[in-house]
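If you want the building blocks of each chain, they are given just below.
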Amino acid sequence: MSCVNLFFKRGISTSCARYGKRNFRKFPLFNKRGSKIFKEQRKDPNYDLPHDKRGVRDIGYNDQDGKFVLIPEKVPEIIVPDLKDFPLKPYVSYRTPDVIQSEFTAQDLFNVVYAPKIAKDFQEEKLNDDGSPVEPSPEELMTSEEARIKAEQTGTDLFTQGC
Amino acid sequence: MRLTQILLSKIGKYSKDFSNLPDRYINRAMEQVEWKNPKGIQYKANTVLKRRKFKMGMHRPWTAQFREDNSPGVSHDKVWVEPIRKWSFFRGDRVEVLVGKDKGKQGIVKQIFQERNWVTVEGLNCVLEKMGERKDFAGVYLQIEKPLLVTNQVALVDPSDLEATPFEWRFTEDGEEVRVSTRTGRIIPMPPSAEETIDYKTKSTYKEQPKDTRADDVVQITFEPQLKTFEMDIMENIGIKEDRIPPKSYWY
């Protein structure tokens, strides 16, 4: 006759972890992962593996006292225009025929902005001997210093690549 | 890019035409990644372990049954498929069944399975399958069309005399490629249902919904080239003026 086990005991098996996979080659240690010492070390901003921001950009910095200083320019301000009576909607109707447009290159932009004035100056002989125009337009008057300032002001996409 | 091209070539164009699903979704639904590098800075190159050979059957690749048939542990025998250079059977085509108990009968093509060279003909070559049998429930019988091989089990029907005929692809005087019956010499026109998808019968009869941009609005080209970036244009429109001069910075 089989006896019933009236004493319920719990056991902790340690052999599972020993038999399991221990592949630590690809083991990203995000913010709550890792040992206590590792997390303490991470608090130092100069440590090799800093606190993972997870893609969020800081809107300020921590000064020497540890207090957080907000930089208003870093706070993103999303400007959304009023979309009432706007003809373009999220989806496109299946009825649309294929629209093929050629690539709009920098050369095309030049042809639209600068080329007409240059051609007109040349025909009316309003160019000096070295080729510079006699009546320059605002774009043609811009110096390299002005261009550098413009390239660093708001609205430029020189180094931001549209982000 | 190469991997997605390999995946894309696994599903024929006409097999996924009717579903009207984007390729990106189909690939994402199909792939079963067993292991992939976790997100974050990695010091070893990315490895992706996933299934490369799928068992193509009656279930479409984005369905749950397909996923079950192709789950990680499941292996299947090699299925030999004759490569067809030009697919010639479209939804809505009248075809004659040449084998089975419905031999000699004509029907209309309903589904296309290009990866296995199969077509399903409406109402022909059916079997009865019992579904949902339980202790208290007898189960329902469903009439399911079994697929037919395009190469030798099905033949296109010439619409002029409604007889099975071999055919060829030839060019008209306008340069259009059409199927021509070799027996009679008549053109077998492309059926109008070939354009049909789950969303619309034909593109021109599609009813535009409130969230759809109308076709006339899409086709309009309103781009005016200006020497401004997108942000500069918005600034000018709203009236934001940038007067601040940034201090000089130096690179060492």
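Above this text is the structure in question.
Residues numbered from 1 in each chain as written. Chains lettered and ligands numbered in written order. Predicted model: local features only at pLDDT ≥ 70, side-chain atom pairs only at ≥ 80, totals over all residues. Heavy atoms only, no water.

Chemist: Account for the overall build of chain B, naming residues and giving values.
Modeler: From N to C terminus, chain B includes 6 helices and 14 strands. Burial analysis of chain B (252 residues in total) assigns 29% to the buried set. The contacts in chain B between residues at least 6 apart in sequence include a share of 46% that link residues at least 24 apart. Carbon and sulfur atoms make up 53% of the accessible area of chain B, which amounts to about 17,900 Å² in all. (Helix = DSSP H or I, 4+ residues; strand = E, 2+ residues; numbered from the N terminus. Buried < 20%, exposed > 50% of the residue type's maximum accessible area, 1.4 Å probe, protein only. Contact = heavy atoms within 4.5 Å. Areas by Shrake-Rupley, 256 points an atom, 1.4 Å probe, with all protein chains shown as cover.)

Chemist: Describe the packing of aromatic side chains, listing the residues and the values that go with them.
Modeler: A complete count under the given rule lists 10 aromatic pairs over all chains for this structure. Geometrically, the ring pair formed by phenylalanine 54 of chain B and phenylalanine 66 of chain B is stacked, given 5.8 Å between the ring centres and 25° between the ring planes. In this pair, phenylalanine 54 of chain B sits in the loop between β2 (48–50) and α4 (64–69) while phenylalanine 66 of chain B sits in helix α4, placing the two residues 12 residues apart along the sequence. Centroid distance phenylalanine 113 of chain B to tryptophan 118 of chain B: 6.1 Å. Interplanar angle 80°. Geometry classified as edge-to-face. Relative accessible area serves as the criterion here: at 1%, phenylalanine 113 of chain B is assigned to the buried category. Aromatic rings pair up to connect Tyr94 of chain A together with Tyr200 and Tyr206 of chain B into one cluster. Just above the ring of tryptophan 80 of chain B sits the side chain of lysine 78 of chain B; from NZ or CZ to the centre is 4.9 Å. Just above the ring of tryptophan 169 of chain B sits the side chain of lysine 86 of chain B; from NZ or CZ to the centre is 4.7 Å. (Phe/Tyr/Trp six-rings, centres within 6.5 Å; stacked < 30°, edge-to-face > 60°. Lys NZ or Arg CZ within 6 Å of the ring centre and 35° of its normal.)

Chemist: Account for the interface of chain A and chain B, naming residues and giving values.
Modeler: Between chain A and chain B, the contact holds 35 residues from the first and 43 residues from the second. Carbon and sulfur atoms make up 62% of the surface buried where chain A meets chain B, a total of about 3,400 Å² over both sides. Scanning the region where chain A abuts chain B turns up 1 salt bridge. Close ionic contact of arginine 244 of chain B with glutamate 73 of chain A constitutes a salt bridge, the shortest N to O distance being 3.5 Å. Viewed at the interface, chain B and chain A are joined by 13 residue pairs in polar contact (both at pLDDT 80 or more). Broken down by secondary-structure element, the contributors of at least two residues to the side of chain A that touches chain B are β3 (91–92), α3 (106–113) and α6 (144–152) of chain A. In terms of residues, the side of chain A that touches chain B owes the most to one element, α6 of chain A, which gives 4 residues. Classifying every residue of the side of chain A that touches chain B by side-chain character gives 18 nonpolar, 7 polar and 10 charged. As defined by bridge partners, β3 of chain A adjoins strand β14 (residues 212–213) of chain B across 2 bridges and the pair is classed as parallel. Counted as the bridge partner of valine 92 of chain A is threonine 213 of chain B from β14 of chain B. (Buried area = accessible area lost by both parts, 1.4 Å probe. Salt bridge = Lys/Arg side-chain N within 4 Å of Asp/Glu carboxyl O. Polar contact = N/O pair within 3.5 Å; in protein donor to acceptor, adjacent residues only side chain to side chain. Nonpolar A, V, L, I, M, F, W, Y, C, P; charged D, E, K, R; others polar. Pairing = 2+ DSSP bridges.)

Chemist: Talk me through the layout of surface pockets; I want residue IDs and the actual numbers.
Modeler: In this model, the second largest pocket occupies a volume close to 850 Å³. Around the second largest pocket, the lining is made up of 25 residues, and of these Met142 and Lys150 of chain A together with Leu227, Lys228 and Met232 of chain B lie nearest the centre. Among the secondary structure elements, those contributing two or more residues to the lining of the second largest pocket are α3, α5 (138–141) and α6 of chain A together with α6 (230–238) of chain B. Considering every element that reaches the lining of the second largest pocket, the biggest residue donor is α6 of chain A, with 4 residues. Broken down by class, the residue content of the lining of the second largest pocket amounts to 12 nonpolar, 5 polar and 8 charged. (1 Å grid on protein atoms, 1.4 Å probe; cavity = no way out; pocket = protein on both sides within 12 Å on 5 of 7 lines; lining within 4 Å. Points joined across faces, edges and corners; volume = space filled by probe spheres on them.)

Chemist: Please provide a residue-by-residue account of the pairing of strand β3 (residues 94–97) of chain B, values included.
Modeler: All names here are of chain B. Pairing analysis gives 3 bridges linking β3 to strand β4 (residues 106–113), with the strands arranged antiparallel. Bridging across to β4, arginine 94 finds its partner in isoleucine 108. Note: β3 against strand β9 (residues 154–158), 3 bridges, orientation antiparallel. What sits directly across from valine 97, in β9, is valine 154.

Chemist: Describe in detail the nonpolar core, supporting the description with residues and values.
Modeler: One broad rule of soluble globular proteins: the nonpolar side chains tend to lie buried together. All names here are of chain B. One finds Trp87, Phe89, Val95, Val119, Val121 and Val154 to be the most contacted residues of the largest nonpolar core, which totals 15 residues. Once you skip the residues sitting within four places of it in the chain, valine 95 turns out to touch Phe89, Lys105, Gln106, Gly107, Val109, Val121, Val154, Ala155, Leu156 and Val157. Ile11, Ile26, Ala29 and Met56 belong to the second-largest nonpolar core, a separate cluster that totals 8 residues. (Core = buried A, V, L, I, M, F, W, Y, C linked by side-chain atoms within 4.5 Å.)

Chemist: Lay out a nonpolar patch on the surface with the relevant residues and their values.
Modeler: A cluster of nonpolar side chains, Val99 and Phe104 of chain A together with Val219, Ile221 and Phe223 of chain B, forms an exposed patch at the surface whose accessible area comes to about 450 Å². By the element assignment, valine 99 of chain A lies in the loop between β3 and α3. (Patch = residues over 30% accessible without salt bridge, like charges linked within 9 Å, V, L, I, M, F, W, Y side chains within 5 Å.)

Chemist: Which residues make up the sheet that holds β9 of chain B, and what values do they have?
Modeler: All names here are of chain B. A sheet is described by the order of its strands in space; here 6 strands give the open sequence β8-β5-β4-β3-β9-β10, paired in antiparallel fashion. Looking along the sheet, the strands with just one partner apiece sit at the ends: β8 (148–149) and β10 (163–164). Pairing of strand β5 (residues 118–121) with β8 involves 2 bridges; the strand directions are antiparallel. Across the sheet, valine 119 pairs through a bridge with leucine 148, a residue of β8.

Chemist: Account for the side chain of asparagine 125 of chain B, naming residues and giving values.
Modeler: Residue and element names in this part refer to chain B. Along the chain, asparagine 125 falls in the loop between β5 and β6 (126–131). A relative accessible area of 17% places asparagine 125 in the buried class. With near-sequence residues (within four places) excluded, asparagine 125 lies in contact with Asp102, Ile144, Glu145, Lys146, Pro147 and Leu148.

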